[in-house]
Amino acid sequence: MDGTRRKPWTRRLLNLAAVLVGLAAAVCVAVAWTLADRVRASFAVPQPPRPDDIEVVAIEGDVIRYRDTRGDVGPADVGRLALRLPDGGFVYTADEVTVTDGVATRRIERIDGAAPRVGDRVQLDISYYAADPRRGLGLAFEPVTYPGPLGDYPAWYVPGERATWLIYTHGRGSTLREGLRLTEVARRAGLPALVISYRNDEGAPRGDGIARFGTDEWQDLEAAIAYARSRGARDVILGGGSMGGAITLALFERGSEQARAVRGIVLDSPALDVGRQSRTSAAAMGVPGPIAELGFMIAAWRFGLDWEAMDYASAVEKVPVPVLVLHGDADRTITVDSNDRVYAALKQRGDATIEIVPGAQHLAVWNRDRAGFERKVSQFLAGLAGP
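Residues numbered from 1 in each chain as written. Predicted model: local features only at pLDDT ≥ 70, side-chain atom pairs only at ≥ 80, totals over all residues. Heavy atoms only, no water.

Notes on the overall build of the protein
Part 1: For the protein, the count of helices and strands is 10 helices and 14 strands.
Part 2: Seen through its C-alpha atoms, the protein measures out along the principal axes to roughly 100 × 55 × 40 Å.
Part 3: Expressed as a percentage of the 387 residues in the protein, the buried residues total 52%.
Part 4: For the protein, contacts bridging at least 24 residues in sequence account for 75% of all contacts bridging at least 6.
Part 5: Of the accessible surface of the protein, which amounts to about 17300 Å², a share of 54% is contributed by carbon and sulfur atoms.
Part 6: For the protein, the distance from the average site of its 47 positive side-chain charges to the average site of its 49 negative ones is 4 Å. (Helix = DSSP H or I, 4+ residues; strand = E, 2+ residues; numbered from the N terminus. Buried < 20%, exposed > 50% of the residue type's maximum accessible area, 1.4 Å probe, protein only. Contact = heavy atoms within 4.5 Å. Areas by Shrake-Rupley, 256 points an atom, 1.4 Å probe, with all protein chains shown as cover. Lys, Arg positive; Asp, Glu negative; His and termini not counted. Charge placed at Lys NZ, Arg CZ, Asp CG, Glu CD.)

Below you can see the structure in the form of structure tokens.
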């Protein structure tokens, strides 16, 4: 009799357990699906414009004071930065910044365009130099297009005396201005520079709207090298920032014929293992590992992302030229740890230099230590560039 009474309760408990397991599975899938959506948003190109979220509160002679109204987003207010004004002007500031009661104070070195006014909303700009090589650096340049697999791609050509060219590939969501800091150093060394765009950039052919961290975009870099050689480049030195670093190594991973023309590589804050960085970011958001893995599988299925192909540790053995890497230990976008395997493989080669710069944020090694950046890059270029 007792056993007969327990059976309905046993069935109810089993049914309840099944419902709870089903609900838990549904929640896990929902979280994973949402994570996949976030992956899609973070890989979308072009990225939505950042708001003007720095408020100018005072201008006193050559001193500007401003309040940061942002959340924890965008570049940190550290090192040499420019303030980009709503009308397209720039305020170039010195390295030092002091902050009191949420108000930052910097010394103005020069102003490009109309002077800022109290109440203006502006942006911190780590690319620093304005507009183009002429306006930003005072260098003559030629806006050009080069033919590639999807059409014609815009680029900047800065002439130089030598037959070795620098070709710079910027990071995801950035612009050609990112390459001006390295172009400045290359130009002092006499190297012509070609600062390139790639698919999904403004003015470039439209791809599928997803940054694939080199798995597709390497073909655009390959076309740029072919263009440089058609204009007289004997060989090239490749520069790459963030995703541009992934595109650079993908050129070798995919066995491009144009890789034979490469003499050396300079990488700034490179994104060389996007899968590992994505897992680190998911963990920081509190997403449990198994659910995160499900989310990445869903993202691969929905958006065609190839996580294995975006890990460039295996590309290192296919890179036969010297490599210089500059990466900040305060980089939260692409952490140094996320590239550990790639950096370890590079160090074993004997002709790679990995410089970890204290306090530097993402793509902001130059901003944190301009003199050190320019010295290291100049020395590297001097050891590579021919006549």
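Moving on, there is more to tell.
So, the sheet that holds strand E11 (residues 235-241)
Part 1: Strands sit in the order E7-E8-E10-E9-E11-E12-E13-E14 across an open sheet of 8 strands; the sheet is mixed. The open sheet has two free edges, formed respectively by strand E7 (142-148) and strand E14 (352-357), since each of these has just one partner strand. Sheet twist, expressed as the average angle between the axes of neighbouring strands with direction ignored, equals 20 degrees.
Part 2: Where E7 and strand E8 (residues 151-158) come together, 7 bridges link them in antiparallel fashion. When the bridges of E8 are listed, Pro143 appears paired with Trp156. (Pairing = 2+ DSSP bridges. Axes fitted to C-alpha atoms, helices over the stretch in contact; angles between N-to-C directions.)

Some details on the environment of Ala76
Part 1: Tracing the sequence through the fold places Ala76 in the loop between strand E2 (63-68) and strand E3 (82-84).
Part 2: Separated by 284 residues in sequence, Ala76 and Ala360 have C-alpha atoms that sit 9.4 Å apart.
Part 3: Setting aside residues up to four positions removed in sequence, Ala76 forms contacts with Leu81, Leu124 and Gln361.

Looking at the pattern of salt bridges
Part 1: Summed over all chains, the structure comprises 27 salt bridges.
Part 2: Glu374 is the partner of Arg188 in a salt bridge, and the nearest nitrogen-oxygen pair spans 3.3 Å. Pair noted here: Arg188 is in helix H3 (residues 180-188) and Glu374 is in helix H10 (residues 370-382), with a separation of 186 residues, a long-range link.
Part 3: On the basis of relative accessibility, which here comes to 52%, the residue Arg188 falls in the exposed class.
Part 4: In this structure Glu374 comes out as buried when scored by relative accessible area, which is 12%.
Part 5: For Arg341, the salt bridge identified is with Asp273, shortest N-O distance 3.4 Å. Note that Arg341 is positioned in helix H8 (residues 340-349) and Asp273 in the loop between strand E12 (262-268) and helix H6 (274-284), a separation of 68 residues in sequence. (Salt bridge = Lys/Arg side-chain N within 4 Å of Asp/Glu carboxyl O.)

Notes on the sheet that holds strand E1 (residues 54-60)
Part 1: If you walk around this closed barrel you meet the 6 strands as E1-E2-E5-E4-E3-E6, and the pairing is antiparallel. Taking the axes of each pair of neighbouring strands and ignoring which way they run, one obtains an average angle of 45 degrees across the sheet.
Part 2: Inspection of the sheet shows strand E4 (residues 90-100) paired to strand E5 (residues 103-112) by 8 bridges, in the antiparallel sense. Bridged to Val91 within E5 is Ile111.

Notes on the pairing of E1
Part 1: Pairing geometry for E1 and E2, over 6 bridges, is antiparallel. Pairing of Ile59 across the sheet is with Ile64, part of E2.
Part 2: Where E1 folds back on E2, the antiparallel hairpin that results is connected by 2 residues, among which Gly61 adopts a positive phi of roughly 65 degrees.
Part 3: Sheet analysis places E1 next to strand E6 (residues 121-125), joined by 2 bridges and oriented antiparallel. Its bridge partner being in E6, Glu55 is matched across the sheet by Arg121.

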